[in-house]
Amino acid sequence: MLAFNFFGATEGGLFDINATLPLMAIQVVALTYILNSLFFKPVGNVVEKREKFVSNNIIEAKNKLSEVKKLEADLLTQLQSARTEAQRIVSEAEGESEKLYKEALELANNEANASKEKARLEIESQTSAARDQLSKQADDLSELIVNRLILEK
Amino acid sequence: MFFNSLLTNFAALEVGQHLYWQIGNIRLHGQVFLTSWILLGALLVFISLGTKKMENDPKGLQNLLEFLWDYIRDLARTQIGEKVYRDWMPFIGTLFLFVFVSNWGGALIPWRLIKLPSGELGAPTADINTTIALALLVSLSYFYAGLSNKGWRYFEYYVHPTPIMLPFKILEDFTKPLSLSFRLFGNILADELVVGVLVFLVPLILPIPVMFLGLFTSAIQALIFATLAAYYIGEAVEEHH
């Protein structure tokens, strides 16, 4: 009798299947709805709200970071262009001063040359004038000598 | 002779005895409902306390419940897939919680101290009716999930990847609930029996490691049941290409 009961029969036993089965199924379905409204929905709302908050903050931070990087790159290019501009201005000024120096030098050279030439011409004219005078005096003197010689005769 | 005495010993543990409730024409296993109501009541009280005052900075019980929620979501998401896991998460979570609470409640609470006129209190999952009910719910769920997500295209699954698979897939629809229900039932009942027999034979110390093993098995069985249920649903809603 005990063995009969142990392996399941109409009355009792391990494999005694009866209305417990559908009622337990209904109970589990009801539990699903109860847990959904008591547990899964509220906890899910809180957790997902927090996850959204965190991911939003991360996205915002990333955006800000990329903005900062962009601004940094912008500043760098600005700095670069300012540097080249400065370089250009400096080299331009250098070229200009060189040019001015050359001009001044040339002018001074020209002037010097001109005054040198003028002095040379003056010297030449004075030399020729002196030579003329000298030759004239020589002529006068020679004439005088000739006249005296002739008169003595 | 030995066999007979062994059965008498088992009978002392009251295997296969039930507390019958008669309502009209139907007969119920009262001990299953009693324990399940006590355990589910405790679970609901625990959850109500934890969700009473939800804050953005979780404290105390809310932390534990959020961890549990996250665990169940991960389980459902990995098995069912990103697209429809939300619809099935409450069901998978309820299965997990129900099986877990039943198993651990059956193992941790000294039910034997409460005398019943017939049968004894224990884990609700050690009763074949409970496990078959859960397994059939899983079967219904994956059929419903497949049909509601893919319509009649759900039956493509039976001839995927080749029509040769058709008899095996049909057979699977029967073996799935069978294996689900008997795995859970067998594990929990066996654990209760082993502990019961050991307590009966050596009442001191020796049953304790087995009890710890029982707790481990109970938790694993809950996880296996929920994971397989989610896997079957995931298999039904999966798109074949």
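Counting of residues starts from 1 at the beginning of each chain's written sequence and follows it residue by residue. Going through the entries in the order they are written, you letter the chains from A and number the ligands from 1. Restriction of local features to residues with pLDDT of at least 70 applies here, the model being predicted, together with a cutoff of 80 or more for giving and counting side-chain atom pairs; totals for whole chains, interfaces and linings are based on all residues. By convention in this description, side-chain values take in all heavy atoms of the structure and omit both hydrogens and water.

For clarity, the cut-off: UniProt positions are given in the numbering used here, feature names are shortened, and annotations may be inferred rather than shown by experiment.
Naming follows UniProt, where chain B appears as ATP synthase subunit a of Prochlorococcus marinus. Taken from UniProt, the Function comment for chain B reads in full: "Key component of the proton channel; it plays a direct role in the translocation of protons across the membrane." Taken directly from UniProt, the Subunit text for chain B runs: "F-type ATPases have 2 components, CF(1) - the catalytic core - and CF(0) - the membrane proton channel. CF(1) has five subunits: alpha(3), beta(3), gamma(1), delta(1), epsilon(1). CF(0) has four main subunits: a, b, b' and c."

### Examining the packing of aromatic side chains
Residues and elements named next belong to chain B. Basically, it comes down to this: Stacked, edge-to-face and tilted are the three classes for Phe, Tyr and Trp ring pairs, Trp counted by its six-membered ring, which pair at centre distances within 6.5 Å; planes under 30 degrees apart are stacked, over 60 edge-to-face, the rest tilted. Secondary structure elements are defined from DSSP: runs of H or I of at least 4 residues count as helices, runs of E of at least 2 residues count as strands, and each element is numbered from the N terminus. Accessible area is worked out with a 1.4 Å probe on protein chains only. A residue is then buried under 20% of its type maximum, exposed over 50%, and partly exposed in between.
For the structure on display, the rule yields 22 aromatic pairs over all chains. Between Trp88 and Phe91 the ring centres are 6.2 Å apart and the planes differ by 75 degrees, which places this aromatic pair in the edge-to-face class. Of this pair, Trp88 and Phe91 both sit in helix α4 (residues 85-108), 3 residues apart, which is roughly one turn of that helix. A single burial state applies to Trp88 and to Phe91, both of which are buried. Look at Tyr154 and Tyr158: their rings are 5.9 Å apart centre to centre, the planes differ by 85 degrees, and that puts the pair in the edge-to-face class.

### Some words on the pattern of salt bridges
If the charged atoms of two oppositely charged side chains come close together, the side chains can form a pair. Worth spelling out the cut-off: Should a side-chain nitrogen of Lys or Arg be within 4 Å of a carboxyl oxygen of Asp or Glu, the pair is scored as a salt bridge.
By the definition in use, this model includes 15 salt bridges over all chains. With a closest N to O distance of 3.0 Å, A:Arg120 and A:Glu124 form a salt bridge. Of this pair, A:Arg120 and A:Glu124 both sit in helix α2 (residues 20-152), separated by 4 residues, roughly a single helical turn. The salt bridge involving B:Arg77 is made with B:Asp74; its shortest N-O contact spans 3.8 Å. Placement of both B:Arg77 and B:Asp74 in helix α3 (residues 61-80) is noted, with a separation of 3 residues, approximately one turn of the helix. It is possible to trace a salt-bridge network through shared partners that takes in A:Glu51, B:Asp70 and B:Arg73.

### Comments concerning the nonpolar core
Formally: Nonpolar core, defined: a set of buried Ala, Val, Leu, Ile, Met, Phe, Trp, Tyr and Cys residues in which side-chain atoms within 4.5 Å join the residues together. In what follows, residue pairs with any heavy atoms lying within 4.5 Å of each other are defined as contacts.
Within the largest apolar cluster, 70 residues are counted, with the highest numbers of intra-cluster contacts made by A:Phe39, B:Ile80, B:Ile92, B:Leu97 and B:Val138. Those elements that provide at least two residues to this core are α2 of chain A together with α2 (30-51), α3, α4, α5 (128-150), α6 (166-201) and α7 (207-237) of chain B. Considering each element in turn, this core owes the most residues, 11 residues, to α4(B). Not counting chain neighbours up to four residues away, the residues in contact with B:Ile80 comprise B:Tyr85, B:Trp88, B:Ile92, B:Ala230, B:Ile233, B:Gly234 and B:Val237.

### Some thoughts on the packing of α3(B) against α7(B)
All names here are of chain B. Spelled out, the test is: Interaxial angle, 0 to 180 degrees, is taken between N-to-C directions of lines fitted to C-alpha atoms, where a helix line uses only the stretch in contact. Each crossing gets its handedness from the near helix: less than a right angle anticlockwise from the far helix is left-handed, clockwise is right-handed. Amino acids outside the nonpolar list (Ala, Val, Leu, Ile, Met, Phe, Trp, Tyr, Cys, Pro) and the charged list (Asp, Glu, Lys, Arg) are all regarded as polar, and Gly is one of them.
Contact pair α3 / α7: the axes reach a minimum separation of 7 Å and the direction vectors enclose 40 degrees. In this structure, the crossing between α3 and α7 has a hand that is right-handed. Along its contact with α3, which presents Tyr71, Leu75, Gln79 and Ile80, the element α7 presents Leu223, Ala226, Thr227, Ala230, Tyr231, Ile233, Gly234 and Val237. Its residues placed into classes, the contact of α3 with α7 shows 9 nonpolar, 3 polar and no charged.

### Quick notes on the interface of chain B and chain A
Note the threshold: Put simply, buried area is how much 1.4 Å-probe accessible surface two parts lose in total, over both of them, once they are put together. Here a polar contact is taken to be a pair of N or O atoms separated by no more than 3.5 Å, where protein atoms must pair a possible hydrogen donor with a possible acceptor and residues adjacent in sequence count only if both atoms sit in side chains.
Listed per partner, the contact involves 54 residues of chain B and 37 residues of chain A. Both sides of the chain B and chain A interface together cover about 4,100 Å² of buried area, and 73% of this is carbon and sulfur. Summed over the three residues of chain B that lose the most area to chain A, namely B:Trp69, B:Thr94 and B:Asn129, the buried surface amounts to 15% of that side. For the pair chain B and chain A, the interface holds 3 salt bridges. Run the count over chain B and chain A and you get 14 residue pairs in polar contact (both at pLDDT 80 or more).

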